[in-house]
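# Coordinate inspection notes
Each chain, letter by letter, is given below.
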Amino acid sequence: MNMVDIIDQKKRGMALTEEQIRFFVQGAAEGTVPDYQLAALLMAIRLQGMNREETVQLTMAMAHSGDICDLSGIQGIPTDKHSTGGVGDTTTLVLAPLVAACGVPVAKMSGRGLGHTGGTLDKLESIPGFRVDLSEEAFLAQVRKLGVAIIGQTKNLAPADKALYALRDVTATVDSLPLIASSIMSKKLASGARAIVLDVKTGAGALMHTLEDSIELARAMVRIGQDAGRRVVALVTDMGEPLGSHVGNALEVKEAIDALSGRTGGPLKRVALALGAQMLVLGGAAKDEAEALGRLEEALQSGAGLERLRRLIIAQGGDPACVDDTACLPQARVVRDVPAPAQGYVLRMDTVGLGMTAQAMGAGRRVKTDVIDPSVGFVLHKRIGDLVRRGEPLATVHARDPESAQTAAQAIARLVEISPQQTPPCKLVHAFVDGERTEMR
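Conventions we followed
- Sequence order as written defines residue numbering, which begins from 1 separately in each chain.
- Confidence filtering applies because this is a predicted model: local features only for residues at pLDDT of at least 70, side-chain atom pairs given and counted only at 80 or more, and all residues used for totals across whole chains, interfaces and linings.
- In computing side-chain values, all of the structure's heavy atoms are included and hydrogens and water are not.
- Think of it this way: any DSSP run of H or I at least four residues long counts as a helix, any run of E at least two long counts as a strand, and we number them from the N terminus.
- Only the C-alpha atoms count toward the radius of gyration. The rule for a globule is 2.2 Å times the residue count to the power 0.38.
- For every residue, the accessible area (1.4 Å probe, protein chains only) is compared with the maximum for its type, and the residue is labelled buried under 20%, exposed over 50%, or partly exposed between those bounds.
- Contacts are assigned to residue pairs that have any heavy atoms within 4.5 Å of one another.
- Each accessible area is a Shrake-Rupley result for a 1.4 Å probe, and residues are judged covered by the shown protein chains and nothing else.
- Lys and Arg are tallied as positive, Asp and Glu as negative. Neither His nor the chain termini are counted.
- A charge is said to be at NZ when it belongs to Lys, at CZ for Arg, at CG for Asp and at CD for Glu.
- Fitting a line to C-alpha atoms yields each axis, with helices limited to the stretch in contact; the angle taken between N-to-C directions then spans 0 to 180 degrees.
- Each angle gets one of four labels, with under 35 degrees taken as roughly parallel, over 145 as roughly antiparallel, 65 to 115 as roughly perpendicular, and the rest as oblique.
- In this classification, the charged set is Asp, Glu, Lys and Arg, the nonpolar set is Ala, Val, Leu, Ile, Met, Phe, Trp, Tyr, Cys and Pro, and all remaining amino acids, among them Gly, are polar.

### Quick notes on the overall build of the chain
Within the chain, the regular secondary structure consists of 17 helices and 14 strands. In terms of overall dimensions, the chain is globule-like: its C-alpha atoms have a radius of gyration of 22 Å, near the 22 Å expected for 441 residues. For the C-alpha atoms alone, the extent of the chain along its principal axes is close to 65 × 45 × 40 Å. Buried positions account for 58% of the 441 residues belonging to the chain. Expressed as a percentage of contacts within the chain between residues at least 6 apart in sequence, the contacts between residues at least 24 apart total 77%. Total accessible area on the chain is roughly 17,700 Å²; 50% of this is exposed by carbon and sulfur atoms. Taking the average location of the 48 positive side-chain charges in the chain and that of its 51 negative ones, the two points are 2 Å from each other.

Structure follows, in structure tokens:
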């Protein structure tokens, strides 16, 4: 098989065969195909696209380029949730224990934050002692015993995707729908879950900025999963503003605990319940969305979800004291309010800018080797459409020193736009996607 022929074929807009796709994917995983040839092929794919069959074959080849987690020994239907990334998106910490408390096993491999988006593993590691590096055997044993485990992806999970993504990032080929869809779904399929709920973000802070593009991505990923024999649906949810009010690792854990304790509601809780309901339906624990939401609310009100979070923390070596007292989580040295610079209504937020502000404070990484400060971040007190009075707290920053607190406060005041004209609040769930069916919400 010849890489030049494969590149030329795709350059001319012709479909690649399964054998050709497997050849270059394995070459990417093993390092036997030069980067310059892979880069040329990625650009050809970006310009010419891939049909449905090619995209599924690319996904399966990448999924099978390394380890495949075998969840067949887990009773029930192991279910997972994946988000395309956002700011203040702490749904996993709310829905995973709730779903497990309702009898659906949650076997979740998560990632770390990079850029303006946060990572579930970084949030969990802000809980003193919490371990995300369980062996596959310990991971499976915990899901069998407790019904839920959240760990980091194994080093050899979809290695071809790691190689291709590194090249996409430096060759302006990130914005290719088949490459995005296959990258995400290859890792989900390799993780072994038999049912997957996708949370595809849309808006200024999302991978896809328009609703049309977000729905197209959701359809592509759902089709891939279903063609691979998995139960997959997607919700398209809003990222025009941070989902939760808390941004920063320990702060987001606090908000998740507050949601599970019934002390707070808001968009984070509502989106977590919407995604969790789909997980219960796919996992066979509810016949429809209405029944699933009822079961989740029962687990919330009874405290079963919060208790499952406590047991998850204990099982993975963390200190469960934070469940009863969130002050046990890492605390920032400097806490300062951000006064609203004007009176009016919140018109819009620069969600990416807010995520980058948290990153600059130490809550995220510019490069993978950066060390995270789990205590820093900020809490937003207003959302789009809310009335703001001049001088009242727009947000509260939690910083490591006065200088970074001042810098963050100035940034937040600039990134939250206030207008005399009121705008409606953001719609949280825009669409439901199941195979060829798209239902607008």
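### A word on the packing of helix α16 (residues 351–363) against helix α17 (residues 402–415)
The geometry of α16 relative to α17 is characterised by a closest axis approach of 10 Å and an angle of 175 degrees between their N-to-C directions. Classified by the angle between their axes, α16 and α17 sit roughly antiparallel to one another. The segment α16 lies against α17, with Gly353, Leu354, Thr357 and Met361 engaging Ala408, Ala411, Ile412 and Leu415. Among the residues making up the contact of α16 with α17, the classes are represented as 6 nonpolar, 2 polar and no charged.

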